[in-house]
Amino acid sequence: MTDLATTLAPERTAPVPVRPRERSTVGRRILVGVLAVLLLAALWELVKVVVPDGGGHLGEASVLPRTDDLAMPHVWDIVDRVLQPETSATGSPTVLSAMLSACWFTLRVALAGWLVGSIGGLLLAALMQRWQLAESALVPWVVLSQTVPLIALAPLVVGWGGRIHVGTFEWQRWMSVALIASYLAFFPVTIGALRGFQSPPAAQVELFRAQAASWNRTMLSLRLPASVPYLLPALRLGAATAVVGAIVAEVSTGTKGGIGRLIISYAQSASGDPAKPWAAIAAAALLGLVAAGLVSLLGLGLGRYRYAEVR
Amino acid sequence: MSAVEARGVGKVFSSRSGDVVALEGIDLTVAAGEFVALIGPSGCGKSTLLRLIADLDAPTTGELTVFGKTPQQAREAQDYGIAFQQAGLLPWRTVTANVELPLELHGVGKAERAGRARELLSLVGLDDFAGHFPHQLSGGMQQRVAIARSLAERPSLLLMDEPFGALDEMTRERMQTELVRICAESGAAVVFVTHSIPEAVFLSQRVVVMSPRPGRISAVVPVNLGDVRGEGLREDASFFAAVTAVREALHGTPVTARGVDLR
Ligand SMILES: Nc1ncnc2c1ncn2[C@@H]1O[C@H](COP(=O)(O)OP(=O)(O)OP(=O)(O)O)[C@@H](O)[C@H]1O
Ligand SMILES: [Mg+2]
């Protein structure tokens, strides 16, 4: 938790104005994302060149993976595979279109989970800010919650959900996936929001006290705006973890339609068609970047609150 | 009714490394409309006394009333305006929005807020910076915004903790003259903490001299320089005499040389 807390903590000592650079940031972020992907591809090819096909061995033990074209297909083969039909059956869609629709499904479920998790995290952080007792009582549970393996949780959530029928409302399988995604997203948001809510210096807090401002008013006019530099990175991180959560949940609940499920079904053809599962894995990674990118759009209109954000 | 009434007020801060007696046996009455300056060496409890009056801390002993109410009731009734040692501006608000904050918190309408903010900003000489953000201002300018903010609601009691500490000499003297005028006009009582003897003398009707460890009131020097205090007063013999009197009270012994701190 301390690691996460420090990564979420902006530099408080020097509130540097960031407004003039604001407009160029989104463009720069996208550029950095693209460069990172290209670098990864280059690294992949480098490993293929440097490490022998049979992998690296130290005596009997294998220390480096096999790098032949079956284990690690070339990047261009993967890209090429994406543009080919999924199966040899006539009328089969391309891998690209199958992955796009799967990613779209997973993205929506992950964002739904992110939304629920973020709102829950904000409320929980507000609760802990309001009552010191709640903070000391809840923080250990919040941390503990992240040590429960998702795989163990998924069937439970599906089981509970299956029993929910309220009027015409019926619990859908994707809701279980979203709920598990929210379970991952709420953690960084809770910690980030709590730090943000506690960030105003004593002089500001006492100013509000001297004005006899209510707790709600202080929250709205002081703590919430002060928490923006902490919240934005936390929400971004939350979006990325929500995607991971959604993919893992899809796999472990056997939900159809998403990229998680696609990875599994493509992996079954790995021996004959090695580029296909790698394409799906790459798509899943890109999806996390896209989700985080979408969330960082939130920060666009909030320039004046981001006087202290690390970037 | 007096604005502030303290009877035997004491404040002890307890910590693991031992107790600190910040204040002991403070008896002080500030009449409505009266200007009282608090002066004393660093750490003698001036800020602490101000914080007790503002109900930001509770006294450990003694009795404290503000306009006949408990400090908490007075705070909730918004009887005072406060300017801290640090400006404490909200960095995401413009200068205008910072000045408007107290009015906004108490539901004053938009048009009235804007008018009041304009008035106050020209008073502190910051009309041209109304749309700026705090980080674009110097320390002294930020301090002036905080002063404007403390005046926003025309309080009947003003609590000011070294508000002019970060100002240059010229601005400082202008702000002093303005403050005297504002207080005379509004009839507000003021408790004003300062480290400058001439400032205390120029502004106040009484200078309360404090001594440290434990913080006590060691002397009260009445200053009667009249209601209208113009710039000429700063070179008047009565002004120098009062400065000397406060110096002597502060040092605890008569100061023989006529050296006067003319900051
Ligand atoms: N929150 C606190 N906890 C513990 N001790 C404190 C606290 N606030 C003040 N003190 C102690 O009380 C004493 C008086 O402090 P105070 O801030 O009132 O001094 P001051 O007269 O305002 O000094 P200065 O002129 O430097 O501002 C000091 O010895 C200080 O260490
Ligand atoms: Mg002080």
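Residues numbered from 1 in each chain as written. Chains lettered and ligands numbered in written order. Predicted model: local features only at pLDDT ≥ 70, side-chain atom pairs only at ≥ 80, totals over all residues. Heavy atoms only, no water.

(A) Quick look at the overall build of chain A. For chain A, the helix and strand inventory stands at 11 helices and 4 strands. Taken along the three principal axes of its C-alpha coordinates, chain A extends 75 × 50 × 45 Å. Looking at the 311 residues of chain A, the share that counts as buried comes to 44%. A fraction of 74% describes how many contacts in chain A between residues 6 or more apart in sequence connect residues 24 or more apart. For chain A, the exposed surface amounts to about 16,300 Å²; the carbon and sulfur share of it is 70%. Between the mean site of the 24 positive side-chain charges and the mean site of the 17 negative ones, chain A shows a separation of 15 Å. (Helix = DSSP H or I, 4+ residues; strand = E, 2+ residues; numbered from the N terminus. Buried < 20%, exposed > 50% of the residue type's maximum accessible area, 1.4 Å probe, protein only. Contact = heavy atoms within 4.5 Å. Areas by Shrake-Rupley, 256 points an atom, 1.4 Å probe, with all protein chains shown as cover. Lys, Arg positive; Asp, Glu negative; His and termini not counted. Charge placed at Lys NZ, Arg CZ, Asp CG, Glu CD.)

(B) Focus on the overall build of chain B. Secondary structure summary: chain B contains 8 helices and 9 strands in total. Against the compact-globule benchmark of 18 Å for 263 residues, chain B has a radius of gyration of 18 Å, which places it among compact chains. Seen along its three principal axes, the alpha-carbon backbone of chain B occupies a region of about 55 × 45 × 40 Å. Counting over 263 residues, chain B shows a buried share of 52%. Here chain B contributes 26 positively and 31 negatively charged side chains, and the mean placements of these two sets differ by 3 Å. (Rg over C-alpha atoms; globule rule 2.2 N^0.38 Å.)

(C) Layout of the site of ligand 1. Residues and elements named next belong to chain B. Surrounding ligand 1, one finds 13 residues, the nearest of these being Ser42, Gly43, Lys46, Ser47 and Thr48. Note that an oxygen atom of ligand 1 is positioned 2.5 Å from one of the side-chain N or O atoms of Thr48. Mapped onto the shell around ligand 1, the elements with two or more residues apiece are strand 2 (18–30) and helix 1 (46–53). (Near = heavy atom within 4 Å. Polar contact = N/O pair within 3.5 Å; in protein donor to acceptor, adjacent residues only side chain to side chain.)

(D) Structural detail: the nonpolar core. With 52 residues, the main nonpolar core has Met160(B), Leu179(B), Phe192(B), Val201(B), Val207(B), Val209(B) and Val246(B) as its most contacted residues. Composition of this core by domain shows at least three residues from each of domain 1 (1–79 + 159–263) and domain 2 (86–154) of chain B. Counting 51 residues, the second largest nonpolar core, distinct from the first, contains Ile78(A), Val82(A), Met128(A) and Val295(A). (Core = buried A, V, L, I, M, F, W, Y, C linked by side-chain atoms within 4.5 Å. Domains from an automatic or database assignment.)

(E) View of unusual backbone geometry. Residue and element names in this part refer to chain B. The omega angle of the peptide bond from Arg213 to Pro214 is -10 degrees, so this bond is cis rather than trans. The backbone phi angle of Phe67 is positive, close to 50 degrees, even though this residue is not glycine. Checked against the element boundaries, Phe67 lands in the loop between strand 4 (61–66) and helix 2 (71–76).

(F) Region of interest: the domain arrangement of chain B. Residue and element names in this part refer to chain B. By domain assignment, chain B separates into domain 1 (1–79 + 159–263) and domain 2 (86–154). Put simply, the middle of domain 1 and the middle of domain 2, counted by C-alpha atoms, are 25 Å apart. Between domain 1 and domain 2, the residue contacts involve 12 residues of the former and 12 residues of the latter. In total, domain 1 and domain 2 occlude about 920 Å² of area from one another, counting both sides; carbon and sulfur atoms represent 71% of this. Here domain 1 and domain 2 share 0 salt bridges between them. At the boundary of domain 1 with domain 2, the tally comes to 1 residue pair in polar contact (both at pLDDT 80 or more). (Buried area = accessible area lost by both parts, 1.4 Å probe. Salt bridge = Lys/Arg side-chain N within 4 Å of Asp/Glu carboxyl O.)

(G) Representation of the UniProt feature "domain: ABC transmembrane type-1" (unreviewed entry) in chain A. UniProt feature "domain: ABC transmembrane type-1" (unreviewed entry): in the numbering of this structure it lies at residues 103–299 of chain A. As annotated, residues 103–299 of chain A comprises 81% helix and 2% strand, and the C-alpha atoms at either end are separated by 24 Å. (UniProt positions renumbered as here; feature names shortened; annotations may be inferred.)

(H) Structural view of the coordination of the magnesium ion (ligand 2). Residue and element names in this part refer to chain B. Distances from the magnesium ion (ligand 2) to its protein donors, namely Ser47 (OG) and Gln85 (OE1), fall within the range 1.9 to 2.6 Å. In this pair, Ser47 sits in helix 1 while Gln85 sits in the loop between strand 5 (80–83) and helix 3 (95–105), placing the two residues 38 residues apart along the sequence. The partly exposed category is assigned to Ser47, whose relative accessible area is 23%. (Donors = N, O, S within 2.8 Å, 3.2 Å for Na, K, Ca; no water.)

(I) Broad picture of the layout of surface pockets. Residues and elements named next belong to chain A. Reported here for the largest pocket is a volume of approximately 830 Å³. Looking at the largest pocket, it is lined by 26 residues, and the ones nearest its centre are Val37, Ala279, Ala282, Ala283 and Leu286. Secondary structure elements with two or more residues in the lining of the largest pocket: helix 2 (22–50), helix 3 (75–83), helix 4 (95–130) and helix 11 (275–296). Considering each element in turn, the lining of the largest pocket owes the most residues, 10 residues, to helix 11. Grouping the amino acids of the lining of the largest pocket by side-chain chemistry returns 26 nonpolar, no polar and no charged. Counting the residues that make up the lining of the largest pocket, at least three belong to each of domain 1 (1–72) and domain 2 (79–305). Size it by volume and the second largest pocket reaches roughly 500 Å³. Along the wall of the second largest pocket there are 17 residues; nearest its centre are Arg29, Ile30, Gly33, Leu289 and Gly293. When contributions to the lining of the second largest pocket are tallied by element, the ones reaching two or more residues are helix 2 and helix 11. Ranked by residues supplied to the lining of the second largest pocket, first place goes to helix 2 with 8 residues. Split by domain, the lining of the second largest pocket shows at least three residues from each of two domains, domain 1 (1–72) and domain 2 (79–305). (1 Å grid on protein atoms, 1.4 Å probe; cavity = no way out; pocket = protein on both sides within 12 Å on 5 of 7 lines; lining within 4 Å. Points joined across faces, edges and corners; volume = space filled by probe spheres on them. Nonpolar A, V, L, I, M, F, W, Y, C, P; charged D, E, K, R; others polar.)

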